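Breakdown of the fold
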Amino acid sequence: MARSTSLTEAEAGITCFASSLPGFRGVLKHRYSDFIVHEVARDGSVARLTSFDLPDECVDVSEEDKAAPSADADHSQALESFRALCGDADCDALKGLLEKASAGAEADVSPVILSPDADKAHRSEVHNFFKRSFKFLVTDTVEHNDGVQRCIRVRLGSGARGGRGGGGRSGGGRGRKRKNMGGSDWRDDRPFDSRGSTSWPNHVGKFLRFHLCKENKDTQEALGVIGKMLGLQSRSFGFAGTKDKRAVTTQQVTVFKISANRLAALNNRLFGIKVGNFSYVKEGLVLGQLMGNRFTITLRGVVAESEDIIKASVEGLGKNGFINYYGLQRDDIREMREHYKEHGDIDMALRNFPRHLVAEKAILQCLKKCPGNYLQALKSIPRTLRMMYVHSYQSYLWNHAASARVEKYGISQAVEGDLVYSKEPPPGEATSVDTSEPCDDQINSSDIDLCSETLPEETIQSVKIVDSEDLLKGVYTFEDVVLPLPGSQALFPGNGIADIYHELAKKDGISLTENAHGVKELMTYTDDTASLAETDLDVLSRNKPTKAKEVNETISSAISNAQSHDSKVAGPLDSSMPGSETGLVEEKSVGSSDMLARKLAIKLAFTLPASSYATMAIRELLKTSTSYCI
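The structure reproduced in this document is the subject of the present report. Residue numbers here run from 1 along each chain, matching the order of that chain's written sequence. Local features in this predicted model are restricted to residues of pLDDT 70 or higher, and side-chain atom pairs are both shown and tallied only at a pLDDT of 80 or more, whereas totals for entire chains, interfaces and linings draw on every residue. Here the side-chain values reflect all heavy atoms present in the structure, with hydrogen atoms and water set aside.

**Concerning the overall build of the chain**
Secondary structure elements follow DSSP: runs of H or I of four or more residues count as helices, runs of E of two or more count as strands, with numbering from the N terminus. Scanning the chain from terminus to terminus reveals 17 helices and 17 strands. Exposure is judged per residue with a 1.4 Å probe applied to protein chains only, and the accessible area is read against the type maximum: over 50% gives exposed, under 20% gives buried, and values in between give partly exposed. Taking all 630 residues of the chain together, the buried fraction comes to 50%. All accessible areas in this document rest on Shrake-Rupley with a 1.4 Å probe, and a residue is counted as covered only by the protein chains that are shown. For the chain, the accessible area works out to roughly 29900 Å², and carbon and sulfur atoms hold 49% of it.

**A few points about the environment of Thr 477**
Within the fold, Thr 477 resides in the loop between helix H12 (468–473) and strand E14 (481–482). Distance from Thr 477 to Gln 413, taken between C-alpha atoms, is 5.3 Å for residues 64 residues apart in sequence.

**Side note on the nonpolar core**
Nonpolar core, defined: a set of buried Ala, Val, Leu, Ile, Met, Phe, Trp, Tyr and Cys residues in which side-chain atoms within 4.5 Å join the residues together. Core analysis: the biggest nonpolar cluster contains 46 residues, and Phe 35, Phe 295, Ile 297, Tyr 325, Trp 398 and Tyr 501 have the highest contact counts within it. If you list the elements that add at least two residues to this core, you get strand E2 (35–40), strand E10 (292–303), helix H6 (307–320), helix H11 (383–409), helix H13 (497–507), strand E17 (599–609) and helix H16 (614–622). Counting residues in each nonpolar core, the second largest holds 26 residues, with Val 204, Leu 212, Val 253 and Ile 273 among its members.

**Examining the pattern of salt bridges**
The term salt bridge refers to a pairing of a side-chain nitrogen on Lys or Arg with a carboxyl oxygen on Asp or Glu at a separation within 4 Å. The tally for this structure, following the rule as stated, stands at eleven salt bridges. A salt bridge links Arg 619 to Glu 9, with the nearest nitrogen and oxygen atoms 3.2 Å apart. With relative accessibility at 2%, the residue Arg 619 sits in the buried group. A salt bridge links Asp 470 to Lys 464; the shortest N-O distance between them is 2.9 Å. Taken together, the shared-partner salt bridges connect Glu 80, Arg 83, Asp 88 and Asp 92 into one network.

**Brief notes about the environment of Thr 15**
Within the fold, Thr 15 resides in the segment before strand E1 (25–28). Using a relative accessible area of 38% as the deciding quantity, one classes Thr 15 as partly exposed. Between the alpha carbons of Thr 15 and Val 406 there is a distance of 9.8 Å; along the sequence they are 391 residues apart. Aside from chain neighbours lying at most four places away, what touches Thr 15 is Ala 10, Tyr 325, Ser 403, Glu 407 and Arg 619. Under this definition, polar contacts are N or O atom pairs within 3.5 Å; protein pairs additionally need one hydrogen-donor-capable and one acceptor-capable atom, and for neighbouring residues in sequence, both atoms have to be side-chain atoms. Within the structure, the side chain of Thr 15 is placed 3.1 Å from the side chain of Ser 403, a separation counted as a polar contact. Only heavy atoms enter the contact rule, under which two residues are in contact if any of them lie within 4.5 Å.

**Considerations on the sheet that holds strand E5 (residues 150–156)**
One open sheet holds the three strands; their spatial order is E3-E5-E4, and the pairing between them is antiparallel. A single partner strand is all that each edge strand has here, and the edge strands are strand E3 (112–113) and strand E4 (137–143). Note: E4 against E5, seven bridges, orientation antiparallel. Residue pairing in the sheet places Thr 141 in a bridge with Ile 152 of E5. Strand pairing requires that DSSP identify at least two bridges connecting the strands.

**Some words on the pairing of E4**
Of all seven residues making up E4, seven are buried, and the element is well covered by its neighbours. Both faces of E4 are covered, namely the face carrying Leu 137, Thr 139, Thr 141 and Glu 143 and the face carrying Val 138, Asp 140 and Val 142.

**Focus on the pairing of E17**
In terms of burial, E17 is largely enclosed, as ten of its eleven residues are buried. Pairing geometry for E10 and E17, over eight bridges, is antiparallel. Paired with Phe 295 across the bridge in E17 is Phe 606.

**Brief notes about the packing of helix H1 (residues 76–86) against helix H3 (residues 120–133)**
Where H1 meets H3, the closest approach of the two axes is 11 Å, and the angle between their N-to-C directions is 175 degrees. The orientation of H1 with respect to H3, classified from their angle, is roughly antiparallel. Residues Ala 78, Ser 81, Phe 82, Leu 85 and Cys 86 of H1 lie in contact with H3, whose contacting residues are His 122, Glu 125, Val 126, Phe 129, Phe 130 and Ser 133. Residues were grouped as follows: Ala, Val, Leu, Ile, Met, Phe, Trp, Tyr, Cys and Pro as nonpolar; Asp, Glu, Lys and Arg as charged; and all remaining residues, including Gly, as polar. Broken down by class, the residue content of the contact of H1 with H3 amounts to seven nonpolar, three polar and one charged. Axis geometry follows a simple rule: fit a line to the C-alpha atoms, using only the stretch in contact for helices, then measure angles between N-to-C directions, giving values from 0 to 180 degrees. Just so you know how the angles are binned, under 35 degrees is roughly parallel, over 145 roughly antiparallel, 65 to 115 roughly perpendicular, and the rest oblique.

**Some details on the packing of aromatic side chains**
For any pair of aromatic rings, the description rests on two quantities: the centre-to-centre distance and the angle between the ring planes. Between 30 and 60 degrees the pair is tilted, below 30 it is stacked and above 60 it is edge-to-face, where a pair is any two Phe, Tyr or Trp rings, Trp via its six-membered ring, whose centres lie within 6.5 Å. Tallying each qualifying case throughout the model produces 13 aromatic pairs. Relative to Phe 130, the ring of Phe 82 has its centre 5.4 Å away and its plane inclined at 70 degrees; by these criteria the two rings are edge-to-face. In this pair, Phe 82 is assigned in helix H1 and Phe 130 in helix H3, connecting sequence segments 48 residues apart. As far as burial versus exposure is concerned, Phe 82 and Phe 130 are alike and both buried. Aromatic side chains Phe 130 and Phe 134 sit 5.8 Å apart centroid to centroid with 45 degrees between the ring planes, which places their arrangement in the tilted category. Of the residues examined, Phe 130 reaches a relative accessible area of 2% and is grouped as buried. Its relative accessible area of 0% is what places Phe 134 among the buried residues. Feature note: the residues Phe 82, Phe 129, Phe 130, Phe 134 and Phe 136 constitute an aromatic cluster, connected by ring pairs. In this scheme, Lys NZ or Arg CZ marks a charge over a ring once it lies within 6 Å of the ring centre and within 35 degrees of the ring normal. A cation sits over an aromatic face here: Lys 29 above Phe 35, 4.3 Å from the ring centre. Over the ring of Phe 17 we find Arg 619, and its NZ or CZ is 4.1 Å from the ring centre.

In structure tokens, the structure reads:
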């Protein structure tokens, strides 16, 4: 069934190509292994899953360390200190939890949710208090359905009283409804987050770094599965960037104070996910800490007038680059939205909207409680998700500006008024602009919000407006041209392209003032179900047949065995990027029978810098809308 989109490429400003070469037809992502992605770290190393071995450092953390002192000890002095810190109501609630735990009534030892606390520093003080005074209790922070209020949740740890009362690491016991002080408005159904062990060797890095290999799952979904098994929230994991869902991807991830043997033990239970290449490091990953991504993309069912056209198109892509547009977002639930718009049946919409549609369900739930209060309904969407709407609009304006720049001035040279990365910025004359990717809609650290303003300083580059003197010197080329994501403090081009931003925004009542590419293989094949590119697990299976076979058997049906920065308009692809391959390989036959129809496929292998979109490179190659080819 064809996917629908709420926006066409033309409406989103995606109208130009970097070259006038003809395209051809091809099918992308026929199989997940047709789109393989490996993250490239800042040191240039490519993240590949090559080993399930544990690291040399030994970390053997005992849960019993958390159990002392016991729940039935005398805590009167600690309770008085807690009363001074949090007040009478929270102290009485905590006292009740301790009394139940001491009486051994494990079935009634439910989590306690403390009073709302907007002061993050104070919440940290409370967390630290429990670590010092109540080591057998575990705390984490939960949020209200309004996405604004925060409070601390307290439960009996799994180590207390020989593991009784806490219901295991997932907290509260399975099959029993958890109780709380705040009623149904509090999101207390989330996994408890123990934030790692309280007993950790001093000589070992406090973060476990590992390679995450996944298929048909986005990064947050995969980490959510792992986190649930470990009793951690997905925000406990750190990663440099999100990876495609409809693909086989490998990336680096970090987690705080979790031993490698605990994580490795999950491999036999994980479906479509594998973890390995474990090591302990001193610092965790945050968004943006990567050089780029290494792609191995197979286009099947290639149809062209001749192979010469295919070769010319691929060579043109390597020479001219592509316009790194922000792509279209898929919309597979238009019917449900249209039905609600027509009938206004909130109850029916809540029943039919998928659970992952957090924004829609939050709005509907708020409107059900407070009909007509649309401002409050919008505020009910989590802030990080609300920010994505702003980033989407920025992307919409950027796309139109990029198309206008190519249409008006071409891609052969920089022109007066262009913005460029300043090669030797004179003191005081250059302006810093953020060319990093917009904040991810998912949380990627222990903080609630991690947006582009918190990214490392090295992602911020100085830019300047090209003047006549620069043109005479020939200092800047088209490869240096950048376009900004619009904002009140953004530096806009000094030519007509700036008007594109302001005119489009004005229509919406908004003021904006306040790589290396190359064909790896051209091949024929007959079997549509056969993989034409190796995944990391395929390589592992070949190199270590006995051990890898055991791992692969658990996911045989899941993982098959067979940009320039985003502000850059376009440019030739840098052959210096790691892992890039060029050249045309001779045709070879893939398939078991010559009696079957032979089809043509292209396998591309290239590396793109962070925040570059491989789908836009394929769009340039095929000269086809991503609505049809992706």
